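Working through the structure, step by step
Spelled out from the first residue to the last, the chains are:
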Amino acid sequence: MSPDARARWVTDNGGIITGQQDARAREIMSRLVAGLTGAPVHVQVLGTRELTAYSFPDGALFVSRGLMEAADNDEVAAAMAHELGHLISDGHLQGPAALHRKNENPDVEARADDVGCRVLQMEGVPPRAMMRMLELVADRTCPGPCCNDLHVRIARLKTSLPAPSL
Ligand SMILES: [Zn+2]
């Protein structure tokens, strides 16, 4: 995506917002990337009310105001960790060997969920936050075009993640 196209895309998604949610996003991100090396990652908050997050190969990561307002810190971390999972899977970021463990899952979203869960675990965030974050998005967006995919991902995490400790 060219710089012009990126700028248009940002505008179409509500522009960049600053202030409290931006500071909170940076704070959560700085903890998540503490153990990672490679291209620097930069997070910004888009003004859209949708619950969403995006990453670009240059390490630009975006979370939406809708997500920041609806999610707790662990859930925001999960959305960021999923995006970091894409960057790690694509080789733009490196981390401890555990993050690069060969994953047989050919589905890019499921793989980003799995790598993201390991990023969360590494930084002391319960990986089940990934599932809670997806449930939050599903609550807000279903029924919709991606609805089925979301439910498949939630169901998969439900069986693969350790049960919460009591
Ligand atoms: Zn993804």
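The structure presented is a predicted model; accordingly, all values stated were derived computationally and were not measured.

**Description of the overall build of the protein**
A tally of regular secondary structure across the protein gives 7 helices and 6 strands. Written out in order from the N terminus, the α and β elements of the protein read α-β-α-β-β-β-β-α-α-β-α-α-α. Out of the 166 residues belonging to the protein, those deemed buried represent 34%.

**Focus: helix α4 (residues 73-89)**
Since there are 3.6 residues in each turn of an α-helix, residues three or four apart along the chain are aligned in direction. Look at α4: 24 Å from first C-alpha to last across 17 residues, which is about the 24 Å you get at 1.5 Å a residue. Within α4, 14 of the 17 residues are buried, leaving the element largely enclosed by the surrounding structure.

**What about the sheet that holds strand β3 (residues 42-46)?**
One open sheet accounts for 4 strands, arranged β1-β3-β5-β4; its pairing is mixed. With one partner strand each, in any of the chains shown, β1 (16-17) and β4 (53-55) form the two edges of the open sheet. As defined by bridge partners, β4 adjoins strand β5 (residues 60-64) across 3 bridges and the pair is classed as antiparallel. Paired with Tyr-54 across the two strands is Phe-62, which belongs to β5. Along the sheet face, helix α2 (residues 20-32) touches β1, β3 and β5 and points at about 150° away from the line of β3.

**Side note on the pairing of β3**
When β1 meets β3, the two strands line up antiparallel, connected through 2 bridges. Bridging from a neighbouring strand, Ile-17 pairs with Val-45 of β3. Taken together, the 5 bridges between β3 and β5 define a ladder with parallel strand orientation. Note on β5: the bridge partner recorded for Leu-46 is Ser-64.

**A few points about the packing of α4 against helix α5 (residues 108-122)**
The N-to-C vectors of α4 and α5 enclose an angle of 115°; their axes lie 7 Å apart at closest approach. When you trace α4 past α5, the crossing you get is right-handed. Residues Ala-77, Ala-78, Ala-81, His-82, Leu-84, Gly-85, His-86, Ile-88 and Ser-89 of α4 form the contact with α5, whose own contacting residues are Arg-111, Ala-112, Asp-113, Val-115, Gly-116, Val-119 and Leu-120. Of the residues belonging to the contact of α4 with α5, the class tally is 9 nonpolar, 5 polar and 2 charged.

**Regarding helix α6 (residues 128-141)**
Taking 1.5 Å of rise per residue, the 14 residues of α6 would be expected to cover 20 Å, and the 20 Å separating its terminal C-alpha atoms lies within 8% of that figure. Considering only its buried residues, α6 is in contact with α4, α5 and α7 (147-160).

**Describing the environment of Ala-53**
Topologically, Ala-53 is positioned in strand β4. With 24 C-beta atoms counted inside 10 Å, the residue Ala-53 sits in the buried group. Spatially, the C-alpha atoms of Ala-53 and Val-63 are 4.2 Å apart, while their sequence positions differ by 10 residues.

**Structural notes on the nonpolar core**
Formed by 41 residues in total, the largest nonpolar core has its most connected members in Val-63, Val-76, Ala-77, Met-80 and Met-130. Within the residue set of this core, elements represented by two or more residues are α2, β3, β5, α3 (65-70), α4, α5 and α6. The leading source of residues in this core is α4, at 9 residues. Dropping the residues within four chain positions of it, Met-130 is found in contact with Ala-78, Ala-81, His-82, Asp-113, Gly-116, Cys-117, Leu-120 and Leu-157.

**Looking at the confidence of the model for the protein**
For the protein, per-residue confidence averages 87 on the pLDDT scale, and residues scoring 70 or more make up 89% of the total. At the low end of the mean pLDDT range in the protein sits strand β6 (residues 93-94), at 73; at the high end sits β1, at 98.

**Notes on the pairing of β5**
Counted residue by residue, β5 has 4 buried out of 5 residues, so it is predominantly covered. Between β4 and β5, which follow one another and run antiparallel, lie 4 residues, and Gly-59 among them has a positive phi close to 90°.

Reading the values: rules and limits
- Residues numbered from 1 in each chain as written.
- Predicted model: local features only at pLDDT ≥ 70, side-chain atom pairs only at ≥ 80, totals over all residues.
- Helix = DSSP H or I, 4+ residues; strand = E, 2+ residues; numbered from the N terminus.
- Buried ≥ 20, exposed ≤ 12 C-beta atoms within 10 Å, placed from the backbone.
- Expected span 1.5 Å × (residues − 1).
- Pairing = 2+ DSSP bridges.
- Contact = placed C-beta atoms within 7 Å.
- Axes fitted to C-alpha atoms, helices over the stretch in contact; angles between N-to-C directions.
- Left-handed = near helix turned anticlockwise from the far one by under 90°.
- Nonpolar A, V, L, I, M, F, W, Y, C, P; charged D, E, K, R; others polar.
- Core = buried A, V, L, I, M, F, W, Y, C linked by C-beta atoms within 7 Å.
- pLDDT = per-residue confidence, 0-100.

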